[in-house]
Amino acid sequence: MKLERAGFWRRLAAAWIDWSLIYAVSSILIAVARLVSIRVSLGQVGLAVAVVYGVVCLSRWGATPGKALMGVWVQRKNGQAMSIGIALHREGAAKWGLTVVLPILGVRRLADGVWVTSIFDLLVILLVMALVLVYWLFAKATWYDQLSRTAVVRDAGQGALNMRTAFAAVAAMVLLCGASKATEYFQKGWISCNLGLFNNSKSTGPYVAFLKQPHATPIDYVMGLFDRYDVVVLCERAHTEFTQWEYIYDLVSDGRFIDRVGHVFTEYGLRNTQPVLDEFMNAADLSDADVAARAVRVMRGISIWPYWNNTNFYEYLKNLYRLNQTLPREKRIQHYFTNVALDWDTIHSRRDFYSVLRNKDREMSDIIVERMTDIAASEPRKKCLVVMNYRHAFSPIRNMRGRLMDNTGRYLYEALPGRVANVLLVNLVPIVATNTVAVMAPVQGGVWDTAFQEAGNRRVGFDMAGSPFGADRFDLFLFDPTLAARYRYQDVFTGYVFDRPLDEQYPERGIPGLYDGVEQIVLERSRLIDTGTSALAGKMIVEFAAKSRGRMYHQTSQTLVESSLLAVAGLGFLIAGIAFGLRQH
C-alpha cells in the first residue's frame, strides 16, 4: 500500500515539537553538569541529544514524539522497517551532519576563526535552513531523506509511537525545564543562558593553573608598569559600572602613585569644562554639601551627551577632592579632561552635534601628549594614568579593510613609542551597544570568569604575554569579527587586571540634584540630537533623580536570550497540546 507523503507544514510542526523536547532535555543535562562543575554549552549537548533522540526513536518506533503527535512516521523507501544503521545515517550524517556541523566547520575553516559561536553560527544555520526550504520546494523532500533513502509519510497506524506517551514525554520535559529555569530566576534574579556565547565549554584548567601562580595585586601590578612605562592606559568597563571607579580611586590614592605619577587623564569630561573642575579641586575647606554641589556642577558639563548621570564618577570626584585636601599642593592629584570641546550655543542640528565628534580620538590623544610634554618640562612627576572606555584604549590594530583603527590608544602608542602600556579591566563583550540598549556577554564565553572563580577570585594583575589569557583570540570587538582571526589579546593589551568578579560588579545611576533647574535645557539639547535621545533624557530625569543600582548587563542579556529559547520551547509544547487534543477528538 502506497502511503501519502507528509506535507511541509505538518513536518515543520513535528520538527518544532521535537526541537522543544531536545532543548528541554539538553537544558536539564547542562544543569546537572553544572552541579559537578562540568562546562558544556547548548550547541554541543543539543547536537548530541538530537542525534541520539532521532536514532533511538526512529529505530525503535519509526517516529519521534513530535512526528507521532502530528501523525507522521519515517519509513525506508523499500518498505522495510527502520534499522539503527539507517536511522544513524539519516539523523547523524545526512541530517545534523550536513545541515549543521559541516556548514559551521566549513565556514570557520574558510574564515580562519572569524566566526563567533552562537551569533555567526546561527546565521550559518539560518542560511542552511533557507536552503532546505528551497530544496523542498523543488524536490518535495529533504536532502537527508533522499540521501538515506527514507520517506516521511502520513501515519496509517503502523509502528507509530503512542500519542499519549509522546505527549507525556514532551510535557514532562518542557515543564521540568521551565520549572528549573523558574527556580533559578527566583534564586538569583536572572537566568543563565547555555549558548556558547555565554557558556563556552573550553577547559578552565590552563587558566586556573596560571592564576594559582604568584601574581601582583591589581594596584601593585599597575604601579609596576609605571616602572617600565610613562603612560598607562586603563580600559574602562561599561561607563555605568560602579566598582571600577572604586579601584581607580584606590590606585590614584596609593602613596606610590601620589609620589611618582600624580596625573590622571580621562575620556570623561569635555576639555572646555576643565576650568570648572580646576575651580572645584582648588577650592579650600568646602563643606560636604558644597563638595556635592561642586561635583554636580562638574557632572552637568562633563559629557558630550546632554545628560550623564553615572554615579561612579560623581563619587570619584568627591573622593578626589577630599584626598587632595589632605595633601600638600605639590603632591595633589591633577585630573585632566580630554574629550572634545563642545559649545552647545553652536549646535543647531544632529549634523552639527556629530561633526564635533569627527576627530574625537585624535583630539583626546593630542591633549594628553601636549600636556605630558608640558609636565615633563616643568614638574617632577612625569608619568600619567589615562582612563579610556572600550575601543578607545586599544593599541594599534587594523580593521577588516586593513586600516588602523581610530583609537586614542593607537595615537598614544604612535606619539610616545615605547612609553605606553594599556591594561584591560573589561570582562564583558558588547554585542549590541547603543545609547538605549546594551547587550553584553562574558569575554571568551565566560571561561575567564569561571577560571577566576575556580581560583578563588583572587584580585590580581599580570602581563598578557605569556599567559593563557593573552593567547586567546581577541573577541572583545564583535562589531569587526575579523579581529578575532588576526589578533590575540596579547597583541592588543599589555596587561590584565582582575579587581573583582562579575557578580560583585553593578551599574549605578543617579546623582541627587543633577537635573534640578536644568530639566528644560537637557531636553532641548537632547531634541537636537534625535527623538530617541530626547525620550531617554526625559526618562533619565524622572527615574534617576536619586541613586539607583542595577544588574549587570550580561545577566539581563542572558535572561532575555534564555527566555526567548524558553518561549520557542513553550510554543512547541503548545503545538503538541493542540495536536494531541485534535487527534483525541
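In this report, the structure presented in the accompanying data block is examined. (Residues numbered from 1 in each chain as written. Predicted model: local features only at pLDDT ≥ 70, side-chain atom pairs only at ≥ 80, totals over all residues. Heavy atoms only, no water.)

1. Regarding the packing of aromatic side chains
Here's step 1: Taken as a whole, this structure holds 40 aromatic pairs when the rule is applied.
Here's step 2: Taking the centre distance of 5.9 Å and the plane angle of 75 degrees together, the rings of Tyr185 and Phe186 count as edge-to-face.
Here's step 3: The partly exposed category is assigned to Tyr185, whose relative accessible area is 37%.
Here's step 4: The class of Phe186 is exposed, set by a relative accessible area of 71%.
Here's step 5: Residues Phe265 and Tyr336 carry aromatic rings whose centres are separated by 4.6 Å and whose planes lie at 25 degrees to one another, so their mutual orientation is stacked. Of the two residues, Phe265 sits in strand E4 (residues 263-270) while Tyr336 sits in strand E5 (residues 334-339), which places them 71 residues apart along the sequence.
Here's step 6: The buried category is assigned to Phe265, whose relative accessible area is 1%.
Here's step 7: The positively charged end of Arg509 is found above the aromatic ring belonging to Phe544, 5.8 Å away from the centroid. (Phe/Tyr/Trp six-rings, centres within 6.5 Å; stacked < 30°, edge-to-face > 60°. Buried < 20%, exposed > 50% of the residue type's maximum accessible area, 1.4 Å probe, protein only. Helix = DSSP H or I, 4+ residues; strand = E, 2+ residues; numbered from the N terminus. Lys NZ or Arg CZ within 6 Å of the ring centre and 35° of its normal.)

2. Here's the deal with helix H24 (residues 553-584)
Here's step 1: For H24, which comprises 32 residues, the first-to-last C-alpha distance of 46 Å matches the rise-based estimate of 46 Å (1.5 Å per residue) to within 8%.
Here's step 2: Residues of H24 that are buried include every one of His554, Gln555, Ser557, Gln558, Thr559, Glu562, Ala569, Gly572, Ile575, Ala576, Ala579 and Phe580, and no others. (Expected span 1.5 Å × (residues − 1).)

3. So, the pattern of salt bridges
Here's step 1: Under the criterion given, the structure shown has 30 salt bridges.
Here's step 2: Here Glu267 ties to Lys360 by a salt bridge, and the two come within 3.2 Å at their closest N and O atoms. Here Lys360 lies in helix H16 (residues 360-378) and Glu267 lies in strand E4, a separation of 93 residues in the sequence.
Here's step 3: For Glu267, a relative accessible area of 7% corresponds to the buried category.
Here's step 4: Taken together, the salt bridges that share partners define one network made up of Arg11, Arg90, Glu91, Lys95 and Asp145. (Salt bridge = Lys/Arg side-chain N within 4 Å of Asp/Glu carboxyl O.)

4. Here's the deal with the environment of Met70
Here's step 1: Summarising the element assignment, Met70 is placed in helix H3 (residues 65-70).
Here's step 2: Under the relative-accessibility criterion, Met70 is labelled buried at 14%.
Here's step 3: When the C-alpha atoms of Met70 and Gly92 are compared, they prove to be 23 Å apart, with 22 residues separating the residues in sequence.
Here's step 4: Residues contacting Met70, with those up to four places away along its chain left out, are Arg10, Ala13, Ala14, Ile17, Ala579 and Arg583. (Contact = heavy atoms within 4.5 Å.)

5. A look at the pairing of strand E3 (residues 231-236)
Consecutive residues of a regular strand have side chains that alternate between opposite faces of the sheet.
Here's step 1: Counting buried residues along E3, 6 of its 6 residues qualify, which places the element largely inside the surrounding structure.
Here's step 2: Pairing of E3 with strand E6 (residues 384-389) involves 6 bridges; the strand directions are parallel. Paired with Val233 across the bridge in E6 is Val386. (Pairing = 2+ DSSP bridges.)

6. A look at empty space enclosed by the protein
Here's step 1: What the rule picks out here adds up to 2 cavities of 30 Å³ or more.
Here's step 2: For the largest cavity, the calculated volume is near 50 Å³.
Here's step 3: If you go around the largest cavity, the residues you meet are Arg5, Ala6, Arg11, Trp136, Lys140, Ala141, Asp145, Thr150, Ala151 and Val152.
Here's step 4: For the lining of the largest cavity, the leading source of residues is strand E2 (residues 150-154), giving 3 residues.
Here's step 5: For the lining of the largest cavity, the class distribution of residues is 5 nonpolar, 1 polar and 4 charged.
Here's step 6: Around the second largest cavity, the lining residues are Leu211, Phe452, Ala455, Asn457, Arg458 and Val460.
Here's step 7: Residue classes in the lining of the second largest cavity are distributed as 4 nonpolar, 1 polar and 1 charged. (1 Å grid on protein atoms, 1.4 Å probe; cavity = no way out; pocket = protein on both sides within 12 Å on 5 of 7 lines; lining within 4 Å. Points joined across faces, edges and corners; volume = space filled by probe spheres on them. Nonpolar A, V, L, I, M, F, W, Y, C, P; charged D, E, K, R; others polar.)

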